[in-house]
Amino acid sequence: MPWFTIISVLLCISLIQTTLLFYISIFNIHPDLFFIFLVYFSLNFDIERSFYVNWTSGLARDFFSGNLFGLNTILFVVIGFLISLIKDEIFRKHLLTQILVTFIVSILYNLFLTKICKSINYGVEMSNYCSIQCTCCAADILVVRPIILSIKILTVGDKLNYV
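Residues numbered from 1 in each chain as written. Predicted model: local features only at pLDDT ≥ 70, side-chain atom pairs only at ≥ 80, totals over all residues. Heavy atoms only, no water.

Peer 1: Give me the lowdown on the packing of helix H1 (residues 3-24) against helix H3 (residues 47-64), citing residues and values where you can.
Peer 2: Where H1 meets H3, the axes come as close as 11 Å, and the angle between the chain directions of the two elements is 30°. In this view, H1 runs roughly parallel relative to H3, as classed from their interaxial angle. For the element pair H1 and H3, the recorded crossing hand is right-handed. The residues of H3 that touch H1, namely those facing Trp 3, Ile 6, Ile 7, Leu 10, Ser 14 and Thr 18, are Arg 49, Tyr 52, Val 53, Thr 56, Ser 57, Ala 60 and Phe 64. For the contact of H1 with H3, a count of residues per class yields eight nonpolar, four polar and one charged. (Axes fitted to C-alpha atoms, helices over the stretch in contact; angles between N-to-C directions. Helix = DSSP H or I, 4+ residues; strand = E, 2+ residues; numbered from the N terminus. Parallel < 35°, antiparallel > 145°, perpendicular 65-115°, else oblique. Left-handed = near helix turned anticlockwise from the far one by under 90°. Contact = heavy atoms within 4.5 Å. Nonpolar A, V, L, I, M, F, W, Y, C, P; charged D, E, K, R; others polar.)

The following block contains the structure:
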């Protein structure tokens, strides 16, 4: 997939994440499209390409989030690397596998994010954050399939590096 397509998809995700999803949210909870993009690339591309795309999407998420700058970039690279390590052991093209990986890794991401923010006293109240964490993960898995299909439609004609 050429970098122009990746940057275009990330710009679309950034626009949708920061504008439209606030109107689609349920109980002020909305899916994280950046995270679904991370899982898609980590499952379907080689580890080197996945590293660069996850780093770029983490940077994009840092630009559009209120968290500490660089925190999402580091977490996206680490989680993308972990997914890339296990992707050969799982049947990654199956819908149920994509949903389960997204759910489990979303929980891990939120736990890491909470733990890091809590350890540096960044203002995360653990009880409130943990109560909505599983709901956020559920919101992510509800949109996994449409987002992955949309990414595949955008990349028609591009040569995919399935490893």
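Peer 1: Could you give an account of a nonpolar patch on the surface, with specific residues and numbers?
Peer 2: On the surface, Ile 47, Ile 74, Val 78, Phe 81, Leu 82, Leu 85 and Ile 86 cluster together to form a nonpolar patch covering roughly 620 Å² of accessible area. Here the element with the most residues in the nonpolar patch is helix H4 (residues 71-86); it accounts for six residues. Summarising the element assignment, Ile 47 is placed in helix H3. The partly exposed category is assigned to Ile 47, whose relative accessible area is 38%. (Patch = residues over 30% accessible without salt bridge, like charges linked within 9 Å, V, L, I, M, F, W, Y side chains within 5 Å. Areas by Shrake-Rupley, 256 points an atom, 1.4 Å probe, with all protein chains shown as cover. Salt bridge = Lys/Arg side-chain N within 4 Å of Asp/Glu carboxyl O. Buried < 20%, exposed > 50% of the residue type's maximum accessible area, 1.4 Å probe, protein only.)

Peer 1: Describe the packing of aromatic side chains, listing the residues and the values that go with them.
Peer 2: Tallied over the entire structure, the rule returns nine aromatic pairs. Taking 6.2 Å as the distance between ring centres and 70° as the angle between the ring planes, the aromatic pair formed by Tyr 40 and Phe 45 counts as edge-to-face. In this structure an aromatic cluster arises from ring pairing among Phe 37, Tyr 40, Phe 41 and Phe 45. (Phe/Tyr/Trp six-rings, centres within 6.5 Å; stacked < 30°, edge-to-face > 60°.)

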